[in-house]
Amino acid sequence: MPRQLTGFKPTGPLQLGNYFGAIAPLARRRRDADTTAMIVDLHALTVEHDPAGLRRRTLEIAALLLAAGVGEDTDRLLVQSHVPEHTELHYLLESAASYGEAHRMIQFKQKAGSARERTRLSLLTYPVLMAADILLHDTDEVPVGADQSQHVELARRMAYRFNRRYGDTFTIPAPVNPPVAARIMDLADPNRKMDKTNQSEAGVLYLLDPPGVLRRKINRATTDSDGEVRYDPERKPGVSNLLEILAACVDGDPRRLASQFDSYAPLKQAVGDAVVDRLAPLQRRHAELAARPEKVLAALRAGASHARQRAADTVARARSAVGLLIDDAPPTG
Ligand code: TRP
């Protein structure tokens, strides 16, 4: 069975696109695949951040993932920094990657822009840490969107190169494009993906938005002036996005759903109902867990301890392969 790894970066509140793109498939897969979900808090340090906010967000995402059924009684949900082998392997891999490779990454260029002097060094080495995540857990497959496939390709190349140079050490990973359940776009700007880091929050449906806020954002969604409810992402991106969201929530087909509406107001009403209904159980379970953070911490502890044996083995292989002196005697004193 291919081993899979998914990472969630705690840089903003999770939104509906994360839910249908990553969380729901992960929750569905958990029984029949070896999947690990990791909250990559170290990656959140690569850009300007607020320490208290990072800690709060990490716990919130953990509670939300558990509420969605990810990591629930499987010990497969963990926080990256709870397994210090990530950073150890990161360093060993830095010595197997080049500056040129790192600075050619599209995401680095986009995020660093022209502000190179002030850019954190960890933003440059971000993909090396991501490679460490992937290789540490002997991952076969990494389900990622297009924006991350370059990073997974780099991890694959590094594993291959390392194995050739130093002997068989790492499992060679491959990116997999998860079947797109839904292409959910920003409600205010339906030509861009719904994303937690979008500039304006008006078009982003956060998983913990109260029902009234969800409905208001949906009611204000950008449409067009022709008044016809039809699924046509090219010409009618706003309306098609609403249909796409509705279809994802009710497991339907956006084209077929279109015929049920003859104007935009009832469509928006139906989308509002569907989103609120779909998120209600998640929000309820999240509230229960948020009231008992010790339960969330216990699940994360179990996840980290489950991952550590494998992590220790992988790092030991890598240390030995690159020529570090190994002392096998048990520690004394
Ligand atoms: N870079 C990924 C993102 O921004 C997050 C990530 C970090 C990740 N480590 C990973 C994803 C390992 C998959 C596997 O979405």
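Cut-offs applied
- Residues numbered from 1 in each chain as written.
- Predicted model: local features only at pLDDT ≥ 70, side-chain atom pairs only at ≥ 80, totals over all residues.
- Heavy atoms only, no water.
- Near = heavy atom within 4 Å.
- Polar contact = N/O pair within 3.5 Å; in protein donor to acceptor, adjacent residues only side chain to side chain.
- Areas by Shrake-Rupley, 256 points an atom, 1.4 Å probe, with all protein chains shown as cover.
- Helix = DSSP H or I, 4+ residues; strand = E, 2+ residues; numbered from the N terminus.
- Expected span 1.5 Å × (residues − 1).
- Buried < 20%, exposed > 50% of the residue type's maximum accessible area, 1.4 Å probe, protein only.
- Contact = heavy atoms within 4.5 Å.
- Phe/Tyr/Trp six-rings, centres within 6.5 Å; stacked < 30°, edge-to-face > 60°.
- Domains from an automatic or database assignment.
- Buried area = accessible area lost by both parts, 1.4 Å probe.
- Salt bridge = Lys/Arg side-chain N within 4 Å of Asp/Glu carboxyl O.
- Nonpolar A, V, L, I, M, F, W, Y, C, P; charged D, E, K, R; others polar.

1. With respect to the site of the ligand
Okay, so step 1: Taken together, the residues surrounding the ligand are Leu 5, Gly 7, Lys 9, Val 40, His 43, Tyr 126, Met 130, Asp 133, Ile 134, Val 142 and Gln 148.
Okay, so step 2: Tyr 126 is positioned such that a nitrogen or oxygen atom in its side chain is 2.7 Å from a nitrogen atom of the ligand.
Okay, so step 3: With respect to the ligand, the side chain of Asp 133 contributes an N or O atom lying 2.7 Å from a nitrogen atom.
Okay, so step 4: Calculation on the ligand without its partners gives an accessible area of 370 Å², and the protein chains cover 90% of this total.
Okay, so step 5: Elements represented by at least two residues in the shell around the ligand include exactly strand E1 (3–8) and helix H7 (126–136).

2. Things to note about helix H10 (residues 237–250)
Okay, so step 1: Under the 1.5 Å per step criterion, the end-to-end length of H10 is 20 Å for 14 residues, consistent within 8% with the ideal 20 Å.
Okay, so step 2: Extensive coverage of H10 is indicated by the burial of twelve of its 14 residues.
Okay, so step 3: Among the residues making up H10, those that are buried are Gly 238, Val 239, Ser 240, Asn 241, Leu 242, Leu 243, Glu 244, Ile 245, Leu 246, Ala 247, Ala 248 and Cys 249.
Okay, so step 4: The elements touched by buried residues of H10 are helix H1 (16–29), helix H9 (211–219), helix H11 (254–258) and helix H12 (264–290).

3. Side note on the packing of aromatic side chains
When we look at a pair of aromatic rings, we describe it by the centre distance and by the angle of the planes.
Okay, so step 1: Across all of its chains, the model carries three aromatic pairs by this definition.
Okay, so step 2: Note on Tyr 19 and Phe 20: the rings are 5.0 Å apart at their centroids and 80° apart in plane angle, and the pair reads as edge-to-face.
Okay, so step 3: Note on Phe 162 and Phe 170: the rings are 4.7 Å apart at their centroids and 55° apart in plane angle, and the pair reads as tilted. The two residues Phe 162 and Phe 170 agree in class, both being buried.
Okay, so step 4: Through a chain of ring-to-ring contacts, three or more aromatic side chains come together here, namely Phe 162, Tyr 166 and Phe 170.

4. Description of the domain arrangement of the protein chain
Okay, so step 1: Split into domains, the protein chain comes out as domain 1 (3–177 + 292–322) and domain 2 (211–288).
Okay, so step 2: Each partner contributes to the interface: domain 1 provides nine residues, whereas domain 2 provides ten residues.
Okay, so step 3: Summed over both sides, the interface between domain 1 and domain 2 buries roughly 850 Å², with carbon and sulfur atoms accounting for 73% of that surface.
Okay, so step 4: Per-residue buried area on domain 1 facing domain 2 is highest for Leu 16, Phe 20 and Ala 67; these three make up 53% of the total on that side.
Okay, so step 5: The interface formed by domain 1 and domain 2 includes zero salt bridges.
Okay, so step 6: At the junction of domain 1 with domain 2, the criterion picks out two residue pairs in polar contact (both at pLDDT 80 or more).
Okay, so step 7: Looking at the side of domain 1 that touches domain 2, the element that brings in the most residues is helix H2 (residues 51–67), giving four residues.
Okay, so step 8: Of the residues in the side of domain 1 that touches domain 2, the class split is seven nonpolar, no polar and two charged.

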